[in-house]
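Chain by chain, the residues run as shown.
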Amino acid sequence: MPPIPRCNARFVLPAHAICSVALVAILSAAATPTNGQVLSDSGTNNHQTGNGDFVVGPEYRIDPDLTERGNPKGKSFEFKMKLADSQIFRGDDATLNPRKKVRTHRRIFVYVPAAYRDGNPAPLLVMHDAPNRLDLVQHALDNLTISDNPQRRLPAFVVIAVENGGDDSYGSQRGLEYDTMSDRLARFISDEVLPAVSSNPAIRKAYPNFRLTNDPWQRAVMGCSSGGAAALTMGWFRPDLFRRLITYSGTFVDQQNPKAAEEQDYPLGAWEYHSGLKLIENSEKKPLRIFTHVAEHDNRHDDDESTYHNWVMANRRTAAALKAKGYEYRFVFSLDSKHCQRKVFEATLADTLVWMWRDHDHE
């Protein structure tokens with residue numbers, strides 16, 4: 001991918017003008033402007049779909065649609081799942097480092113927006129590393145499920161934010177769940193977490209006819225860092241289960257445990273998506289819509305390629321591979337920002353969600 005140009009500092013939009021990356025909002029004559037920042041594109045985007053490569057920053061302000069605006073609120077629920085009860089992630093995997101802590105229970109947070117109607121098969125968004133950024137998604141649902149602008153309206157999807165199993169990196173439960181190149185996490189969410197949500201007594205009391213959709217085009221996944229890599233991996237290995245994928249600062253580097261059985265097929269872990277095996281380019285195109293992002297000063301951005309741990313290189317290559325293969329994709333490069341920095345979410349997440357869910361009734 002050629003160098004991504006910096007935003008022109010003179011291209012400053014007036015207050016309450018669009019700064020985010022939803023070109024639906026930028027280009028539609030009826031679009032409602034948002035939060036007064038700078039947007040630039042790399043010249044490769046498709047203006048009809050909002051796909052392509054974009055730059056945001058270096059100044060950031062929170063999108064008003066990610067704030068409290070006095071609209072009706074949905075209902076929040078929280079419960080726990082015991083790791084030892086799982087058939088997939090029990091917390092006792094042979095690859096785990098005994099010095100790294102494993103949770104006995106993981107928390108599950110559920111948000112049902114006010115716009116949801118009991119009995120309808122609800123679209124859903126799975127969020128990794130819960131409850132990070134859950135507040136922003138809740139505000140987006142409160143404000144955009146009732147938007148007067150059809151180009152900037154979200155479906156009434158249910159948010160299911162799942163806590164990781166504990167610790168980080170090689171030998172950790174979180175690393176096992178998020179950095180392993182397999183369908184295990186997709187199966188865990190689909191086979192264990194979603195049924196637990198559907199049968200939860202508190203949710204059932206509030207919504208006696210509560211249902212989650214089985215349509216993979218109505219199932220999205222979102223995460224940052226290894227959680228972002230996990231979002232892509234869930235859809236990559238199980239597009240029959242999840243097809244809308246949001247990855248911020250994705251760990252598309254060699255973070256998979258060397259002891260994992262998957263090392264035989266993917267010796268460099270998620271680095272194989274874009275280099276080595278060139279997994280994206282050399283595989284049959286899958287029915288996925290994919291958002292990726294990386295920060296200008298993301299993790300190990302000065303590392304040599306030989307480390308397999310340069311986040312900026314990894315994400316730019318991943319975006320280039322998605323483009324080359326003809327995927328519906330959006331890649332955002334955020335100036336003057338670091339790994340999983342909240343200010344980037346505050347500026348872009350509403351438009352990311354709008355882009356991700358556009359045409360959700362027409363797949």
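The numbers attached to residues start from 1 for each chain and follow its sequence in the written order. With pLDDT at 70 or above as the cut-off, local features in this predicted model cover only qualifying residues; side-chain atom pairs require 80 or more to be listed or tallied, and sums for whole chains, interfaces and linings still use all residues. The basis for the side-chain values is all heavy atoms of the structure; hydrogens and waters are excluded.

With that out of the way, let us pick up the pattern of salt bridges. For salt bridges, the criterion is a side-chain nitrogen of Lys or Arg within 4 Å of an Asp or Glu carboxyl oxygen. Counting across every chain of the model gives 22 salt bridges. A salt bridge links Lys73 to Glu68; the shortest N-O distance between them is 3.0 Å. The buried label applies to any residue whose accessible area, calculated with a 1.4 Å probe on protein chains only, is under 20% of its type's maximum; exposed applies above 50%, and partly exposed to all values in between. In this structure Lys73 comes out as partly exposed when scored by relative accessible area, which is 41%. Among the residues examined, Glu68 registers a relative accessible area of 44% and is labelled partly exposed. One salt bridge in this structure joins Asp183 and Arg187, with 3.1 Å as the shortest N-O distance. Here Asp183 falls in the partly exposed class, since its relative accessible area comes to 23%. Taking relative accessible area as the criterion, Arg187 reaches 27% and is therefore assigned partly exposed. Via salt bridges that share partners, Asp63, Asp65, Arg69, Arg152 and Asp351 belong to a single interconnected network.

Here a strand is any run of E in DSSP of at least two residues, a helix any run of H or I of at least four, and the numbering for each starts at the N terminus. An expected span of 1.5 Å times one less than the residue number is assigned to each helix. The end-to-end C-alpha distance of helix α6 (residues 226–237) is 16 Å, a good match for the 16 Å that 12 residues give at a rise of 1.5 Å each. Extensive coverage of α6 is indicated by the burial of 11 of its 12 residues. All of the buried residues along α6 are Ser226, Gly227, Gly228, Ala229, Ala230, Ala231, Leu232, Thr233, Met234, Gly235 and Trp236.

Glancing now at the pairing of strand β7 (residues 158–162). Each regular strand displays side chains that alternate between the two surfaces of the sheet. The buried fraction of β7 is high, at 5 of 5 residues. Of the two faces of β7, the one holding Val158, Ile160 and Val162 and the one holding Val159 and Ala161 are both buried throughout. Pairing analysis gives 4 bridges linking strand β4 (residues 105–112) to β7, with the strands arranged antiparallel. Residue pairing across strands places Ile108 opposite Val162, the latter belonging to β7. Alignment of strand β6 (residues 124–128) against β7, held across 5 bridges, turns out to be parallel. Residue pairing for β7: Val126 is matched across the bridge by Ile160. Strands qualify as paired when DSSP identifies two bridges or more between them.

What follows covers the environment of Glu272. Examined against the element boundaries, Glu272 turns out to sit in the loop between β10 (244–248) and α7 (279–282). Relative accessible area serves as the criterion here: at 3%, Glu272 is assigned to the buried category. Not counting residues up to four positions away in its chain, the partners in contact with Glu272 are Tyr266, Pro267, Leu277, Lys278 and Leu279. In this analysis, two residues are considered to be in contact whenever any of their non-hydrogen atoms come within 4.5 Å of each other.

It is worth spelling out the state of the cysteines at this point. Disulfides are defined in this document as cysteine sulfur pairs within 2.5 Å. Tallied over the full model, the rule gives 1 disulfide. Two residues, Cys224 and Cys340, share a disulfide whose sulfurs are 2.0 Å apart. Its S-S torsion of approximately -115° makes the covalent link between Cys224 and Cys340 left-handed. Here Cys224, found in strand β9 (residues 219–224), pairs with Cys340, found in the loop between β12 (328–338) and α9 (342–357); they are 116 residues apart in sequence, far enough to count as distant. Here Cys224 and Cys340 have matching classes, each one buried.

Okay, the confidence of the model for the chain next. The pLDDT score gives, residue by residue, the confidence of the prediction method on a 0 to 100 scale. The share of residues in the chain with pLDDT of 70 or more is 86%, and the mean pLDDT across the chain is 89. This stretch, residues 1–39, has a pLDDT under 50; its non-local contacts, to residues over four places away or in other chains, come to 115 contacts. Contacts from residues 42–48, a stretch scored under 50 in pLDDT, to residues over four places away or in other chains number 14 contacts.

All right, on to the packing of aromatic side chains then. How two aromatic rings sit relative to each other is given by the distance of their centres and the angle of their planes. Paired rings are identified among Phe, Tyr and Trp, the last through its six-membered ring, by centres lying within 6.5 Å, and are further divided according to the angle between planes into stacked (under 30 degrees), edge-to-face (over 60) and tilted (the rest). Scanning all chains against the criterion turns up 12 aromatic pairs. Judged by centre distance (5.7 Å) and plane angle (70°), the ring pair of Tyr116 and Tyr207 falls under edge-to-face. Pair noted here: Tyr116 is in the loop between β4 and β5 (121–122) and Tyr207 is in the loop between α5 (201–206) and β8 (211–212), with a separation of 91 residues, a long-range link. Both rings, one in Tyr207 and one in Phe210, keep their centres 6.3 Å apart while their planes meet at 45°; by these two values the pair is tilted. Of the two residues, Tyr207 and Phe210, both sit in the buried class. Through a chain of ring-to-ring contacts, the aromatic side chains of Phe77, Tyr116, Tyr207 and Phe210 assemble into a single cluster. A cation sits over an aromatic face here: Arg133 above Phe345, 4.6 Å from the ring centre. Geometrically, a charge over a ring is one whose NZ (Lys) or CZ (Arg) sits within 6 Å of the ring centre while staying within 35 degrees of the ring normal.

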